[in-house]
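Tertiary structure, described
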Amino acid sequence: MFGVWKNVLAEVEQVIPREQFSTWFTGTELVSIEDGVVTVGVPNVFKIKQLQVKYSEVLKTAFSHNNVEVKQLSYIVQGNNKTKVRSGEITSTPTAIGGTARVSSLVRKNKTPNSLQTGLNPKYNLDNFVTGTNNILAVSVARNIVDQPGEKYNPFFLYGGPGLGKTHLVHAIGNALVAKDAKIKIQYMAVSGFYSDFIKAVQNKTTAEFRQRFRALDVLIIDDFQMIMGKDASQVEFFDIFNELYGMNKQIIVTSDRLPDQIKKIDERLASRLSWAGTFDLQLPQFEDKCAILRAKAEFSGIEIEDEAIEYLAENVKTNIRDLEGEFNHLLAVADLKGITPLEVINEGYVNTNKGMRSKTVSPRLVVEKVAKFYQLTPKEMCSKSRVANIKNARQVAMYILSRELGMSTPKIAAEVGVKDHTTVMHGIKKIEGDLKLNFTLRDQIAALREKIYG
Ligand code: ADP
Ligand code: MG
C-alpha cells in the first residue's frame, strides 16, 4: 500500500510547482486505504484546508493512475511527524512504525544545488512575492533577469528601506534561476559574509581559492551592501570580482538600503559601476498592496481571517512589510490563544500595542505642527505663501503626509496648509514622490517624521 503513496507523491511533484510541493506535502503520510476511503496524515491543521481545497483533485488523479479509485479523501493531523518529503527522486522503502505506517527517510537522488551551497532560502520565491504599486518595476526586472541572466539588467541594483522585500526578491530570483537550471552556480551572501570569508582567506592564505570560488559563479547576489566595510582590501577584492564576473556577462545582484553614491565608504568607481544598468527601488506599500500581501499570506497558510481584520492591519501598520507580517502573526496568535476570530480580537481591543501599529488617530493639525517644527518653522510660516525653497519643501512634505498617511482629499489639504487650490497640492505631492525616488535624506526625514507623528 505504501509503495502507492510513494508513486502518488512522485506524480504530484511533477504536476505542481516545486515550492508548493515542499510546502504542502512535507510531513504528509498515507495512513490508510479502506473501501475507497483514503486517509492522509498531515503535520498541522493549517495544511488540511489547503490540501482539501487545492490538491484533492491532483491527489485523486494520481491515486487513480496507481489503480486506487478514491471515493473519499480525508486528512488527519498526525503529531510529531518527522518525515520529510522533498523534491527529487524518492528511493526508500516504507516501513510501519507502531501501528501507524510512515514513509520514512525519503531522500533525493539527483542532487540539485542545495541551500547550504547557494545560500538561498527556498521559502522566498516569486510566487509568494506579491506584486503591487510599490514594487511592480523591480518585479518586472527580476523576471527579466530570470529569463535572461547577465543581459539587460546587469548589475541589478535594488534598494529600499528596511522590511520592504529586498532580501525576499533577490532570493526569489536565485530560486527561480535554480528551478530553471539546476546546474547554475549561484551564491547568495550578505556583504558581511563576503567580508568575513575574505578575512578568513587572508588569514589562512587561501585568497587564490577565495577568488576562484567567486569567479566560477554564474550569478552573485550580495545583500545589504550598505554594510560594506571601508575602502580596504575586501572592497578592492569585491571590485575585482565584480569586474571579472561582469566581463564574462555573469549576473550580479546587489541590494542596499540606499543608492550607491549614498553609501558612505564606497569607492566612487564602484558606486558608478553598480548603477550602470540603472537602480530600482522598493517603496512603501499603499493600502491595497498591504491588503493583497496579507490576503496572499492567509491563503497560502490556509488561514481564515476576516476582510475587515486585514483592512484594519493594512490601515494601521504604516512602517513596512516586515512589521505588517509581525502584526498579522501576532493577531493570529492572540486569536488562537483566546479561541476567537481575528476581527473579534481587534474589536475587543486586544491588539495595538506593538511596533508598527498606529492606533492613535492623528489630526491634520498635529501633522502640520510636527512637520513645521521638524523643519524649524512655525506652522504659520510653513502655511504661508512663501516660495523660499526650504519653506516650500516643508509645506510639500506636509501635503504628502496628509495625503498618504491620513488619506485626506486634496481640497481639504489645500485648506489645511493654506494654499490656493487642490492642483497646487497635487503638484506638491507629486514633487515629493519624485524626490523620494532619489533623495535618501528626504526618505530619512519622512521616516523620522512618521515616528514623531505617531510616537
Ligand atoms: P528587506 O530585505 O528589504 O529588509 P525582506 O525581504 O526581509 O525585507 O522582507 C521582510 C518581510 O516582508 C519578509 O518576510 C518578506 O517575505 C515580506 N515581504 C516583503 N515584500 C513582500 C511582498 N511583495 N509579498 C510578500 N511578502 C513580502
Ligand atoms: Mg534584507
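Residues take numbers from 1 onward in each chain, read along the sequence in its written order. Chains carry letters from A onward and ligands carry numbers from 1 onward, assigned in written order. Residues qualify for local features only when their pLDDT is at least 70, as the model is predicted, and side-chain atom pairs are given and counted only at 80 or more; totals for whole chains, interfaces and linings, by contrast, use all residues. Based on all heavy atoms of the structure, the side-chain values leave hydrogens and waters out of the count.

1. Observations concerning the layout of surface pockets
A probe matching the size of a water molecule, rolled over the atoms, marks out where space remains unfilled. Only protein atoms enter the 1 Å grid, on which a cavity is a set of points fitting a 1.4 Å probe that cannot get out and a pocket is an open set with protein on both sides within 12 Å along at least 5 of 7 lines, lining residues being those with an atom within 4 Å of a point. Grid points are joined across faces, edges and corners, and a volume is the space filled by probe spheres set on the points. Quantified by volume, the largest pocket comes out at close to 1,000 Å³. As for the largest pocket, its lining consists of 33 residues, and the residues nearest its centre are Lys 123, Tyr 124, Asn 128, His 168 and Glu 325. Working definition: helices are DSSP H or I runs of at least four residues, strands are E runs of at least two. Numbering for both runs from the N terminus. Looking at the lining of the largest pocket, the elements with two or more residues in it are helix H2 (18–25), helix H3 (45–65), helix H6 (166–180), helix H11 (287–300) and helix H13 (321–338). Residue composition of the lining of the largest pocket, grouped by class: 12 nonpolar, 11 polar and 10 charged. Approximately 790 Å³ is the volume attributed to the second largest pocket. Around the second largest pocket, the lining is made up of 31 residues, and of these Leu 164, Leu 284, Thr 319, Arg 443 and Arg 450 lie nearest the centre. The set of elements that each furnish at least two residues to the lining of the second largest pocket consists of H13, helix H17 (389–404), helix H19 (422–438) and helix H20 (440–454). With 7 residues, H20 is the single largest residue contributor to the lining of the second largest pocket. Polar here means any residue outside two lists: the nonpolar Ala, Val, Leu, Ile, Met, Phe, Trp, Tyr, Cys and Pro, and the charged Asp, Glu, Lys and Arg; Gly therefore counts as polar.

2. Considerations on H2
Exposed residues in this analysis have more than 50% of their type's maximum accessible area, buried residues have under 20%, and partly exposed residues fall in between, with area computed by a 1.4 Å probe over protein chains only. Those residues of H2 that fall on the buried side of the exposure criterion are Gln 20, Phe 21, Trp 24 and Phe 25. Seen end-on, H2 carries its buried residues on one side only, within an arc spanning 100°. Gly 27 sits one or two positions beyond H2 and adopts a positive phi of about 80°. The directions considered for the arc are those from the helix axis to the C-beta atoms.

3. Topic: the site of ligand 1
What surrounds ligand 1 is a group of 17 residues, the closest being Gly 163, Lys 166, Thr 167, His 168 and Glu 325. One of the side-chain N or O atoms of Asn 135 is found 3.3 Å from a nitrogen atom in ligand 1. Between ligand 1 and Gly 165 there is a distance of 3.0 Å, counted from an oxygen atom to a backbone nitrogen or oxygen. Under the convention used here, a 1.4 Å probe and the Shrake-Rupley method define accessible areas, while residue burial counts only the protein chains that appear. Out of a free accessible area of 560 Å², ligand 1 has 91% covered by protein chains. Taking a 2 Å distance to the grid points as the criterion, the majority of the atoms of ligand 1 fall inside the largest pocket. When residues of the shell around ligand 1 are traced back to their parent elements, those giving at least two are H6 and H13. Of the residues belonging to the shell around ligand 1, the class tally is 7 nonpolar, 7 polar and 3 charged. The start and end points of each domain follow an automatic or database-based domain assignment. Counting only domains with at least three residues in the shell around ligand 1, you end up with domain 2 (115–282) and domain 3 (287–347). Residues are labelled near a given molecule or strand when at least one of their non-hydrogen atoms is within 4 Å of it. Polar contacts here mean pairs of N or O atoms no more than 3.5 Å apart (in protein, one a potential hydrogen donor and the other a potential acceptor; neighbouring residues in sequence count only if both atoms are side-chain atoms). In this description, a molecule resides in a pocket or cavity if more than half of its atoms sit within 2 Å of the grid points defining it.

4. Structural notes on the pattern of salt bridges
Oppositely charged side chains can pair when the atoms bearing their charge come close. The working definition used for a salt bridge is a side-chain nitrogen of Lys or Arg within 4 Å of a carboxyl oxygen of Asp or Glu. Using the criterion set out here, one finds 16 salt bridges in the structure. A salt bridge links Glu 244 to Arg 215, with the nearest nitrogen and oxygen atoms 2.9 Å apart. Note that Glu 244 is positioned in helix H9 (residues 233–247) and Arg 215 in helix H8 (residues 207–215), a separation of 29 residues in sequence. Taking the relative accessible area as the measure of exposure, Glu 244 reaches 35% and is therefore partly exposed. The closest approach of N and O atoms between Asp 218 and Lys 250, which form a salt bridge, is 3.6 Å. With Asp 218 in the loop between H8 and strand S8 (219–223) and Lys 250 in the loop between H9 and strand S9 (251–256), this residue pair connects regions lying 32 residues apart in the sequence. Connected via shared salt-bridge partners are Asp 197, Lys 200 and Arg 213.

5. Some thoughts on unusual backbone geometry
A cis amide bond links Asn 154 to the next residue, Pro 155, at an omega of -5°. One can find Pro 155 in the loop between helix H5 (136–147) and strand S6 (156–159). Not every positive phi belongs to a glycine, and Asn 67 is a case in point at roughly 65°. Locating Asn 67 in the fold gives a position in the loop between H3 and strand S3 (72–77). A relative accessible area of 72% places Asn 67 in the exposed class. Positive phi values are uncommon outside glycine, yet Asp 224 reaches one of about 55°. Checked against the element boundaries, Asp 224 lands in the loop between S8 and H9. Asp 224 gets classed as partly exposed once you look at its relative accessible area, which sits at 28%.

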